[in-house]
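Here is how the chains run, residue by residue.
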Amino acid sequence: MDKQGLRTIAQRLMAGDKGLLAMDESIPTANKRFEEAGIPQTEEYRRKYRELIVTTPKLGECISGAILFSETTKQATADGTPFIEILEHAGIIPGIKLDEGAKDMPAFPNEKLTEGLDGLRERLMDYAALGLKFAKWRAVITIGDGTPTDGSIYANAYALAHYAALCQEAGLVPIVEPEVLMDGNHTIERCFEVTQRVLHIVFEVLIKQRVYLEGMILKPNMVLSGTDASVQADIDQVADLTVQCLLRCVPAAVPGVAFLSGGQAAQDASAHLNAMHVKYKNELPWALTFSFARAVQQPAMDHWKGKDENVAVAQQLLYKRLSINNAARRGEYSAELEG
Ligand code: 13P
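These figures come from a predicted structure and were not determined experimentally.

Visitor: Before we go on, may I ask you to explain the overall build of the chain in this structure?
Guide: Looking only at helices and strands, the chain features 13 helices and 10 strands. Overall, the chain is about 50 × 45 × 40 Å in size when its C-alpha atoms are taken along their principal axes. Buried positions account for 56% of the 339 residues belonging to the chain. Within the chain, contacts between residues separated by at least 24 positions form 79% of all contacts whose residues are at least 6 apart in sequence. Taken as a whole, the chain presents about 13900 Å² of accessible surface, with 50% of it coming from carbon and sulfur.

Below you can see the structure in the form of structure tokens.
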């Protein structure tokens, strides 16, 4: 294992006030979002949309890395320049989503286990040859009546750890993403309890499986009230409980934590990240940043609608959301930035 190489990539990904852009929606997820936005659900429209993203002016000022879906790694702009090349030119490190989705877990009703380990070593060799330097694997944990069970948490943690170890063997930095979903009517305290248990188990298993902590990044959920909860925690409470949970669970050896947005409103996600920095800047042993998909892409996708004449404004909307999150990482976000 090239430990120094992994550390260097992880540190570059977490540098300054930048974040990561998740643009790795699978075909079914991209189709669902396109359908909602009135965009045709074809390979060509996915290519056009990804071209819009990677050619956004000044994108490299805002993000250090972009997570791609497998299809995108082989696509190019209309004039034939591979997307990976465009990103590298902009100083953005290209990464790849490696999991093949969360599937129903046998014998565990309402719980999911993420698949994609078969043939992973070989896929990693191909992706390393394409110039991809980091990867992502998402596990999904559901809060419900009697869930999550330890059976599903451990099964997902072992998959994450095996994926992470294979990535490090191939020289790619693994992003380990155990997402506790927002869905449900649970309190923020219950989300705290579940997220804490999940992260404890994930790190227990990562350490057992000899994952090199200095060469990985954690991508967790923020600690939030359930979407349908009658009482919604305020910004300070989200910041307090999220930071407390991470400080209890994430070893200081890990170079960075980059949040998913999970379906939060874009402005909420930015305000939460900002409050964590305003309140706890000097207490955080790791970099703390964003790796959002919906919370940065949604305004751009809604404006684009699949039309060429809307590309320039859609790109401005994407840049705006990303630069607002850069401000949040500096603890300089304010509602005025929203305009
Ligand atoms: P959201 O920010 O839309 O939750 O997506 C992040 C992600 O990469 C999920 O795997």
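Visitor: In this structure, what is going on with the pairing of strand 1 (residues 19-23)? I would like to understand it.
Guide: On a regular strand, each side chain points to the face opposite its neighbour's, so the side chains alternate between the two faces of the sheet. A large share of strand 1 lies buried, amounting to five of its five residues. Here strand 1 runs beside strand 2 (residues 63-68); their pairing, made up of five bridges, is parallel. By the bridge assignment for strand 2, Leu20 is matched with Gly65. Sheet analysis places strand 1 next to strand 10 (residues 287-292), joined by two bridges and oriented parallel. Residue pairing in the sheet places Leu21 in a bridge with Phe292 of strand 10.

Visitor: Looking at this structure, how should I read the pairing of strand 9 (residues 256-259)?
Guide: Alternating positions in strand 9 separate into two faces, Gly256 and Ala258 on one and Val257 and Phe259 on the other, with burial throughout. The pairing of strand 8 (residues 217-218) with strand 9 spans two bridges and is classified as parallel. What sits directly across from Ile217, in strand 9, is Gly256. The parallel pair strand 8 and strand 9 is bridged by helix 10 (residues 235-249), and the resulting crossover is right-handed. As paired strands, strand 9 and strand 10 are joined by four bridges and run parallel to one another. The residue bridging Gly256 from the neighbouring strand is Ala287, located in strand 10. Tracing the backbone out of strand 9, into helix 11 (residues 266-280) and back to the parallel element strand 10 gives a crossover that is right-handed.

Visitor: Is there a simple way to explain the site of the ligand in this structure?
Guide: As a matter of local geometry, the ligand sits amid Ala22, Lys136, Arg138, Glu177, Lys219, Leu260, Ser261, Gly262, Ser291, Phe292, Ala293 and Arg294. Note that an oxygen atom of the ligand is positioned 2.6 Å from one of the side-chain N or O atoms of Lys219. Between the ligand and Arg294, the relevant distance is 2.7 Å, taken from an oxygen atom to a side-chain nitrogen or oxygen of the residue. Relative to its unbound accessible surface of 310 Å², the ligand loses 93% to contact with the protein. When atoms are counted within 2 Å of each cavity's grid points, the one that captures over half of the ligand is the largest pocket. Elements with a contribution of two residues or more to the shell around the ligand: strand 6 (134-141) and strand 10.

Visitor: It is not clear to me how the sheet that holds strand 9 should be interpreted in this structure. Could you clarify?
Guide: Whenever strands of a sheet pair, they do so through backbone hydrogen bonds, lying parallel or antiparallel. Read around the closed barrel, eight strands run 1-2-3-6-7-8-9-10, paired in parallel fashion. Strands strand 6 and strand 7 (173-180) of the sheet are contacted by helix 8 (residues 150-170), whose axis makes an angle of about 180° with strand 6. Strand contacts of helix 12 (residues 294-304): strand 1 and strand 10, with the helix running at about 55° to strand 1, the strand carrying the most contacts.

What counts as what
- Residues numbered from 1 in each chain as written.
- Predicted model: local features only at pLDDT ≥ 70, side-chain atom pairs only at ≥ 80, totals over all residues.
- Heavy atoms only, no water.
- Helix = DSSP H or I, 4+ residues; strand = E, 2+ residues; numbered from the N terminus.
- Buried < 20%, exposed > 50% of the residue type's maximum accessible area, 1.4 Å probe, protein only.
- Contact = heavy atoms within 4.5 Å.
- Areas by Shrake-Rupley, 256 points an atom, 1.4 Å probe, with all protein chains shown as cover.
- Pairing = 2+ DSSP bridges.
- Right-handed = clockwise from strand over helix to strand, strands pointing away.
- Near = heavy atom within 4 Å.
- Polar contact = N/O pair within 3.5 Å; in protein donor to acceptor, adjacent residues only side chain to side chain.
- 1 Å grid on protein atoms, 1.4 Å probe; cavity = no way out; pocket = protein on both sides within 12 Å on 5 of 7 lines; lining within 4 Å.
- Sits in = over half its atoms within 2 Å of the grid points.
- Axes fitted to C-alpha atoms, helices over the stretch in contact; angles between N-to-C directions.

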